[in-house]
Amino acid sequence: MTVNINPYRSLGEEDFNKMKIKNGFVIVKALMQDDLTDLSIVLKENKNYGMALCHEVVTMGKGCFGDEPETIRPKIGTKVMVVGNCLDAVADGRFSFVNSEDIYCWW
């Protein structure tokens, strides 16, 4: 099976779901304040995703969250908070690779 991913264009969620992620790593998507409300008014298209306080789990490698029981591990789509200085942004900055140990709470 051939997987087509072009790293020279903006990567999206579907690209990350096709990738094999290194053990212990998680790909998260930055969520801005207007992403978390029912009513959203966008005043400006240009968002600074580096300022996001909340992220959403897109996909993850094996071995994430070590000894944590399966029942409390974050799942795909879970909202998480990440240690801010460890975000390794890819594409336009909305997506980041993080070590699962740098995720400190989720809901």
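This text follows the structure it describes.
All of the points below concern the structure found in this document. (Residues numbered from 1 in each chain as written. Predicted model: local features only at pLDDT ≥ 70, side-chain atom pairs only at ≥ 80, totals over all residues. Heavy atoms only, no water.)

1. Section: the overall build of the protein chain
And step 1. Scanning the protein chain for helices and strands turns up one helix and six strands.
And step 2. Along the protein chain, from the amino end to the carboxyl end, the secondary structure elements read α-β-β-β-β-β-β.
And step 3. Taken over C-alpha atoms, the radius of gyration comes to 14 Å for the protein chain, in line with the 13 Å a tight globule of 107 residues would show.
And step 4. Principal axes of the C-alpha set define a box for the protein chain whose edges measure 40 × 35 × 25 Å. (Helix = DSSP H or I, 4+ residues; strand = E, 2+ residues; numbered from the N terminus. Rg over C-alpha atoms; globule rule 2.2 N^0.38 Å.)

2. Some words on the pairing of strand β5 (residues 95–99)
And step 1. Taken together, the five bridges between strand β1 (residues 25–31) and β5 define a ladder with antiparallel strand orientation. If you follow I27 over to β5, its bridge partner there is F97.
And step 2. Relative to β5, strand β4 (residues 88–90) is paired through three bridges, and the arrangement is antiparallel. Note that in β5 the partner of D88 across the bridge is F97.
And step 3. Counting the residues between successive antiparallel strands, the hairpin from β4 to β5 contains four residues, one of them, A91, with a positive phi of roughly 55°. (Pairing = 2+ DSSP bridges.)

3. A word on the packing of aromatic side chains
And step 1. As enumerated under the stated definition, the model contains two aromatic pairs in all.
And step 2. Seen from their ring centres, F16 and F95 are 5.0 Å apart, and the 50° between their planes marks the pair as tilted. Taken as a pair, F16 in helix α1 (residues 13–18) and F95 in strand β5 lie far apart in primary sequence, 79 residues in all. Here F16 and F95 have matching classes, each one buried.
And step 3. On the basis of an interplanar angle of 90° and a centroid distance of 6.2 Å, the ring pair of F16 and F97 is categorised as edge-to-face. Of the two residues, F16 sits in helix α1 while F97 sits in strand β5, which places them 81 residues apart along the sequence.
And step 4. Taking relative accessible area as the criterion, F16 reaches 0% and is therefore assigned buried.
And step 5. With relative accessibility at 26%, the residue F97 sits in the partly exposed group. (Phe/Tyr/Trp six-rings, centres within 6.5 Å; stacked < 30°, edge-to-face > 60°. Buried < 20%, exposed > 50% of the residue type's maximum accessible area, 1.4 Å probe, protein only.)

4. Things to note about the sheet that holds β4
And step 1. Spatial strand order, β4-β5-β1-β2-β3-β6: six strands in an open sheet with antiparallel pairing. The sheet terminates laterally at β4 and β6 (103–106), the two strands that pair on one side only. Going from strand to strand, the sheet's axes swing by 45° on average, the running direction of each strand aside.
And step 2. Bridge analysis of strand β2 (residues 54–60) against strand β3 (residues 79–82) gives two bridges, and the strand direction is antiparallel. Note on β3: the bridge partner recorded for E56 is K79. (Axes fitted to C-alpha atoms, helices over the stretch in contact; angles between N-to-C directions.)

5. Some remarks on the side chain of T78
And step 1. On the secondary structure map, T78 appears in the loop between β2 and β3.
And step 2. A polar side-chain atom of T78 sits 2.7 Å from the main-chain carbonyl oxygen of K75.
And step 3. In this view, T78 contacts H55, E56, V57, W106 and W107; residues no more than four positions away in its chain are not counted. (Polar contact = N/O pair within 3.5 Å; in protein donor to acceptor, adjacent residues only side chain to side chain. Contact = heavy atoms within 4.5 Å.)

6. Quick word on the environment of I72
And step 1. The residue I72 is located in the loop between β2 and β3 in this model.
And step 2. Residue I72 is classed as partly exposed on the basis of its relative accessible area of 41%.

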